[in-house]
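# Architecture and fold: a report
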Amino acid sequence: MNAFIDFIMGPMVWVAFLIFILGLIFKMVLIIKDINARESYVYSYLTWKHSLRSIFAWMTPFLPQSTKQSPVFYSISYIFHLLLFIVPIFLMSHIVLINEAFQVSWVALDDGLADILTVIVILALVFFAIRRHMVPEVKYLTSYKDYLLLIIVALPFITGFLAYHQFFFYKAMVIAHVISGEIMLILIPFSRFSHMIVAPLTRAYMGSEFGNVRHAKDW
Amino acid sequence: MKPWKRKSINRETKMKQKVIFIGFILFLFTAVIAFSNTDEPEGLERLDNSVFENPHRPGAVFAHDDHNEIAQIEDCAVCHHVYEDKKLVEDESSEDSPCSECHSLKPTEENSISLSVAYHKQCKDCHFEENKGPVLCGECHIKE
Amino acid sequence: MANEIETKDEPTIVKEKNTDKAVEAGLARLTPQRIKSTINQVLQKETGPRFKAYVETCMHCGLCAEACLYFLSNDRDPAYSPAGKVKQTIWEMLEKKGEVSTDFLRRAVHIAQTECNVCKRCSMYCPFGIDVAYLMLMVRRICHKLEITPLYIQDTVNSHSATMNQMWVKEDEWIDTLQWQEEDAREEFENLRIPLDKMGADVMYSVIAPEPKFQAGLLYQAATIMHAAGVNWTMPSSPGWDNSNMAMFTGDNEISGRIARAFYETAARLKVKRIVMGECGHAFRSTYDVGNRWIGWAMPPFEVVHALEFYHELLTSGRITIAEKFKKTVTLHDPCNVSRGRGLHDMAREVTNMMCESFIEMTPNREHNFCCGAGGGVINCGPPYKGERMINNKVKAEQLKATGAEVLIAPCHNCHSGLEDIVHHYDLNMEVKFLGDLIYETMEKKIYKPGD
Ligand code: HEM
Ligand code: HEM
Ligand code: SF4
Ligand code: SF4
Ligand code: SF4
């Protein structure tokens, strides 16, 4: 068993991160190549100024009109996305592992706090799922794939939470946690989670079209 | 309302959606129920972790003599090693002094291995190598 | 709802069968093979990474719904939400790899041509900035290639193709109309001229074909304003005078490009310094934003000035002075193609305030204004769709009613016609006016001389 744990907590972590990072880079390169080959005119309109203006406007909570009209959803979404990065990066257990492997470490969240934040992430995902089920215009767009995406993000958090509390099947839970975390990382470049890098691009283009050509705001 | 405009999602996907949705909720429910399950196992022998100012986890469970008997370790120096000038000193052991004498809480110039890392590596490296024994946080830091 | 609207006409019942003859005849001609190859050709060969990103990145979050007039007007029916419309068209075409039925296409052309104004309001509400209007235009492109474009709008495209104007206006008819308006206007302003083909003029004034066809009075008004302001202007006598472009809205990009080319070439032939155009939104979009791209210009080869901006210039520079301000309460509709499309909304307010005593803002406004529900080629699909159009405009009607204004300013032809329909259908008792109407009514009827 330890050999298997060694594998998923050693080489597989490398594999997962490499696929995650190289996958995103590869995706970015493909997009840029495709733009150069087929839609190079977008460069005539893209400007740094208007791209960044739009991206920052959309990152500012409650600046865009859309965020003012759906404050509950956006608040939860902002918090969810922030915690999605903060919790795993500043989690003590993760830092301990990294410290053992690379002799580097950084400030860690208090375990109790991390535990609460984990629950918040899970609740945010439950909210997304319920919203998908209840709000007609969202339900209309929803297929089982959308729930699948939510589950893929939820699993590392749920299993991590259960493992931390050592409620039951501790060993199996950690193994499930590590595997689900790796699956999530691997899937990011190949699923709609790639919005992580595509969103800034579409935003930049729309921001430039609106700002540069139409002299109007797009938020 | 124009009923023909509502394109009904076909039955099968609707079922699939329901099953996944309900499964998701059930899973969370179990998690919450499990919260209440907090029995402290009796008679665990733990390492003294009082050197740590603010321990994040309970002291690791470790029954020294039982461990060595099962693991068939007779030489103390296997674990209680001695280093001088960053080199292992053969045939010497350090079982009389606490680990914290050399390993401080934070890595230092002379000793880059902090106390917790020393413990973790000491146990886990061997357990991985032997393919036996606990290697996950909660296998040693059993909840109090 | 606070201001529930009572309808005057009975709401038209929409049947599954499309009453549009061209659509039905077109569908009858299609073969599965042709449908498949056309869809795949357009979706694979005529799109690029932008299309891919829009389709693959959409998180199905439904936030864009809040933006769309059609969704809000139909009691939040998800089938009318922007992403909902994409689901019913593009997503399914992609999923089925182009193997869709004629029933599907009947619905698709209905959605793309008459249930979306391609107003881009939704791109301001989607956190990713996904351009649903662009996707709907892609669907229109497919429908164009399958020859199932609705009859009335297709007819305007045919007219463009044959005559380079939208309304089958013949060359002599055009010149006759201008001369007739010139003659009439001379009773008011001695020596007024509508100079045709004046080489090197400062301004080429251009209009859309419905003006000479039905609304010649607008040419009269424009001529008096130009004359009073002492502008060195001209109008072309040859095809290329019409700045409208319905082909842009049917996905007939080839003709759209021809129209834009003829237009700029006319300006080039006359060696004018810049182009001023009448109060039309979609024509502005064509000449300022879309047509130019089709013939390889990132930005238009000429300075293109919308009437609204030109009036602003005339009023702030004092070339036109207001004799007496307009008394009735007015409200202003921001046409999406000049506000969201060019950021002229603040100028529109300044112009309005310079001419009118009491201006009432409608909400939402500026870039966020609701579309009139007529633009984007929707009104041009004609009578078969008018009943639905009125239902689809309920929210606009409520918005207008809430202002309580007596006069509604709409500096855009499509908006103007669409809003008149709304005002009539919902019995709003408002008078719809162009900015030019108001300038003509309130301006001092004297001729500008520098130094006055
Ligand atoms: C890539 C491999 C990963 C490894 C090797 C790993 C390892 C661990 C370990 C050992 C624990 C501690 C369990 C305990 O305390 O007993 C843990 C907890 C946790 N991990 Fe991970 N993890 C990984 C990926 C992730 C990812 C991708 C996420 C989230 C996006 C994540 C979120 C969490 C959370 C939320 C907890 C529990 C925190 C709490 O409730 O206190 N992990 N992880
Ligand atoms: C910097 C990176 C990211 C940005 C800027 C971003 C932005 C967004 C935006 C704008 C949305 C649309 C709706 C909303 O506001 O929630 C969204 C939805 C979502 N994102 Fe992200 N995202 C990022 C990274 C990620 C990652 C790494 C994941 C998961 C691995 C993720 C998971 C999700 C999920 C599950 C939703 C859908 C929520 C729903 O079901 O409505 N995001 N994201
Ligand atoms: S472009 Fe306008 S009309 Fe079309 S879906 Fe978007 S908001 Fe609705
Ligand atoms: S708001 Fe954007 S991402 Fe969300 S459903 Fe609409 S188009 Fe898709
Ligand atoms: S007619 Fe006017 S409001 Fe309507 S779509 Fe065009 S510009 Fe927009």
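Not measured: the values here are computed from a predicted model.

## Details of the site of ligand 4
Lining the immediate environment of ligand 4, one finds 13 residues, of which C58, C61, G62, C64 and C126 of chain C sit closest. Near ligand 4, residues from chains A and C are present, making the site a shared one. Looking at side-chain class alone, the shell around ligand 4 contains 11 nonpolar, 2 polar and no charged residues.

## With respect to the interface of chain A and chain C
Between chain A and chain C, the residue contacts involve 43 residues of the former and 49 residues of the latter. Of the roughly 4000 Å² buried between chain A and chain C on both sides combined, carbon and sulfur atoms contribute 56%. Sorting the residues of chain A by area buried against chain C places Y140, L141 and R214 of chain A first, and these three jointly supply 18% of that buried surface. Summed over the shared surface of chain A and chain C, the result is 4 salt bridges. Among the salt bridges present, the one from R293 of chain C reaches E209 of chain A, with a minimum N-O distance of 2.7 Å. Applying the counting rule to chain A against chain C returns 28 residue pairs in polar contact (both at pLDDT 80 or more). Counting residues per element, the ones that place at least two in the side of chain A that touches chain C are helix 2 (11-38), helix 3 (42-45), helix 5 (65-69), helix 6 (71-89), helix 8 (111-134), helix 9 (136-141), helix 10 (144-165) and helix 12 (195-213) of chain A. Top contributing element to the side of chain A that touches chain C by residue count: helix 12 of chain A, with 10 residues. The residue inventory of the side of chain A that touches chain C, partitioned by class, reads 21 nonpolar, 8 polar and 14 charged.

## Regarding the coordination of the iron atom of ligand 1
All names here are of chain A. Donor atoms from the polypeptide that bind the iron atom of ligand 1 are H94 (NE2) and H177 (NE2), placed at 1.9 to 2.0 Å. Coordination at the iron atom of ligand 1 comes from 6 donor atoms whose angles at the metal span 85 to 179°, giving a geometry best classed as octahedral. With H94 in helix 7 (residues 92-102) and H177 in helix 11 (residues 170-187), the pair connects residues that are 83 residues apart, well separated along the chain. Judged by relative accessible area, which is 25%, H94 ranks as partly exposed.

## Remarks on the interface of chain A and chain B
Between chain A and chain B, the residue contacts involve 39 residues of the former and 33 residues of the latter. Taken together, the two surfaces of chain A and chain B that pack against each other cover about 3500 Å², and 68% of this comes from carbon and sulfur. Of all residues in chain A, N2, E100 and F167 of chain A give up the largest surface area on contact with chain B, accounting jointly for 19% of the area buried on that side. Between chain A and chain B we count 3 salt bridges in total. The salt bridge involving K124 of chain B is made with E100 of chain A; its shortest N-O contact spans 2.7 Å. Our count for the contact surface shared by chain A and chain B stands at 16 residue pairs in polar contact (both at pLDDT 80 or more). If you list the elements that add at least two residues to the side of chain A that touches chain B, you get helix 1 (2-9), helix 7, helix 8, helix 9, helix 10 and helix 11 of chain A. A total of 10 residues in the side of chain A that touches chain B trace back to one element, the largest contributor, which is helix 10 of chain A. Of the residues contributing to the side of chain A that touches chain B, the split by class is 26 nonpolar, 8 polar and 5 charged.

## Comments concerning the pairing of strand 1 (residues 203-206) of chain C
All names here are of chain C. Going residue by residue along strand 1, you find V203 and Y205 tucked away on one face and M204 and S206 tucked away on the opposite face as well. Note: strand 1 against strand 2 (residues 233-234), 2 bridges, orientation parallel. Directly across from V203, in strand 2, lies its bridge partner W233. Here strand 1 pairs with strand 3 (residues 274-277) via 4 bridges, running parallel. By the bridge assignment, V203 is partnered in strand 3 with R274.

## Thoughts on the confidence of the model for chain B
Residue and element names in this part refer to chain B. In the predicted model, chain B carries a mean pLDDT of 79, and 77% of its residues have values of at least 70. For chain B, helix 1 (residues 11-35) is the element with the lowest average pLDDT, namely 67, and helix 4 (residues 137-140) is the one with the highest, namely 91. Below pLDDT 50 for its whole length, residues 1-9 participates in 28 contacts with residues either more than four positions away or in separate chains.

## Some words on the pattern of salt bridges
Residue and element names in this part refer to chain C. The full count for this structure, using the stated rule, is 42 salt bridges over all chains. Across the salt bridge formed by E99 and K36, the nearest N and O atoms sit 3.2 Å from each other. Taken as a pair, E99 in the loop between helix 5 (82-95) and helix 6 (102-114) and K36 in helix 2 (residues 32-45) lie far apart in primary sequence, 63 residues in all. Note on E99: relative accessible area 51%, which makes it exposed. Residue K36 is classed as partly exposed on the basis of its relative accessible area of 31%.

## What about the coordination of the iron atom of ligand 2?
All names here are of chain A. All of the protein donors around the iron atom of ligand 2 are H81 (NE2) and H195 (NE2); their distances to the metal are 2.0 Å. Here the iron atom of ligand 2 binds 6 donor atoms, and the angle range of 85 to 178° at the metal identifies the geometry as octahedral. Of the two residues, H81 sits in helix 6 while H195 sits in helix 12, which places them 114 residues apart along the sequence. For H81, a relative accessible area of 33% puts it in the partly exposed group.

## Some words on the pairing of strand 4 (residues 303-306) of chain C
Inspection of the sheet shows strand 3 of chain C paired to strand 4 of chain C by 4 bridges, in the parallel sense. Bridged to V276 of chain C within strand 4 of chain C is V305 of chain C.

## Quick word on the site of ligand 2
Near ligand 2, the surroundings consist of 15 residues, among which S77, H81, R132, H195 and M196 of chain A are the closest. In this structure, ligand 2 is bordered by residues of chains A and C. R132 of chain A is positioned with one of its side-chain polar atoms (N or O) 3.2 Å from an oxygen atom of ligand 2. Contact between ligand 2 and H195 of chain A: a nitrogen atom at 2.7 Å from a side-chain N or O atom of the residue. Secondary structure elements with two or more residues in the shell around ligand 2: helix 6, helix 8 and helix 12 of chain A. Among the elements that line the shell around ligand 2, the one with the most residues is helix 6 of chain A, at 5 residues.

## Remarks on the packing of helix 15 (residues 345-355) of chain C against helix 19 (residues 435-442) of chain C
The relative placement of two packed helices is expressed as an angle between their axes plus a distance between the axes. All names here are of chain C. Where helix 15 contacts helix 19, the two axes come as close as 10 Å, and the packing angle between them is 30°. Relative to helix 19, helix 15 is oriented roughly parallel. Where helix 15 crosses over helix 19, the handedness of that crossing is left-handed. In contact with V351, T352 and M355 of helix 15, helix 19 contributes L435, L438, I439 and T442. Split by residue class, the contact of helix 15 with helix 19 holds 5 nonpolar, 2 polar and no charged.

## Section: the sheet that holds strand 8 (residues 431-433) of chain C
All names here are of chain C. Pairing in this open sheet of 4 strands is parallel, and the strands run 6-5-7-8 from one edge to the other. Where the open sheet ends on each side, the last strands, each with one partner, are strand 6 (356-360) and strand 8. Each neighbouring strand pair of the sheet contributes to a mean axis angle of 35°, computed without reference to strand direction. Sheet topology note: the strand 5 (residues 326-332)/strand 6 ladder contains 4 bridges and is parallel. Paired with F326 across the bridge in strand 6 is C356. Contacting strand 5, strand 6, strand 7 (407-409) and strand 8, helix 19 runs over the sheet at an angle of about 90° to strand 8.

## Let's talk about the packing of aromatic side chains
Counting across every chain of the model gives 16 aromatic pairs over all chains. Put simply, the rings of F73, Y74, Y78, F80, F127 and F128 of chain A pair up and form one aromatic cluster. In this structure, R214 of chain A packs its charged tip against the face of F210 of chain A, placed 5.5 Å from the ring centre. Its end group placed over the ring of Y45 of chain A, R293 of chain C keeps NZ or CZ at 3.9 Å from the ring centre.

Rules used throughout
- Residues numbered from 1 in each chain as written.
- Chains lettered and ligands numbered in written order.
- Predicted model: local features only at pLDDT ≥ 70, side-chain atom pairs only at ≥ 80, totals over all residues.
- Heavy atoms only, no water.
- Near = heavy atom within 4 Å.
- Nonpolar A, V, L, I, M, F, W, Y, C, P; charged D, E, K, R; others polar.
- Contact = heavy atoms within 4.5 Å.
- Buried area = accessible area lost by both parts, 1.4 Å probe.
- Salt bridge = Lys/Arg side-chain N within 4 Å of Asp/Glu carboxyl O.
- Polar contact = N/O pair within 3.5 Å; in protein donor to acceptor, adjacent residues only side chain to side chain.
- Helix = DSSP H or I, 4+ residues; strand = E, 2+ residues; numbered from the N terminus.
- Donors = N, O, S within 2.8 Å, 3.2 Å for Na, K, Ca; no water.
- Tetrahedral: all angles 85-135°; square planar, octahedral: opposite > 155°, others 65-115°.
- Buried < 20%, exposed > 50% of the residue type's maximum accessible area, 1.4 Å probe, protein only.
- Pairing = 2+ DSSP bridges.
- pLDDT = per-residue confidence, 0-100.
- Axes fitted to C-alpha atoms, helices over the stretch in contact; angles between N-to-C directions.
- Parallel < 35°, antiparallel > 145°, perpendicular 65-115°, else oblique.
- Left-handed = near helix turned anticlockwise from the far one by under 90°.
- Phe/Tyr/Trp six-rings, centres within 6.5 Å; stacked < 30°, edge-to-face > 60°.
- Lys NZ or Arg CZ within 6 Å of the ring centre and 35° of its normal.

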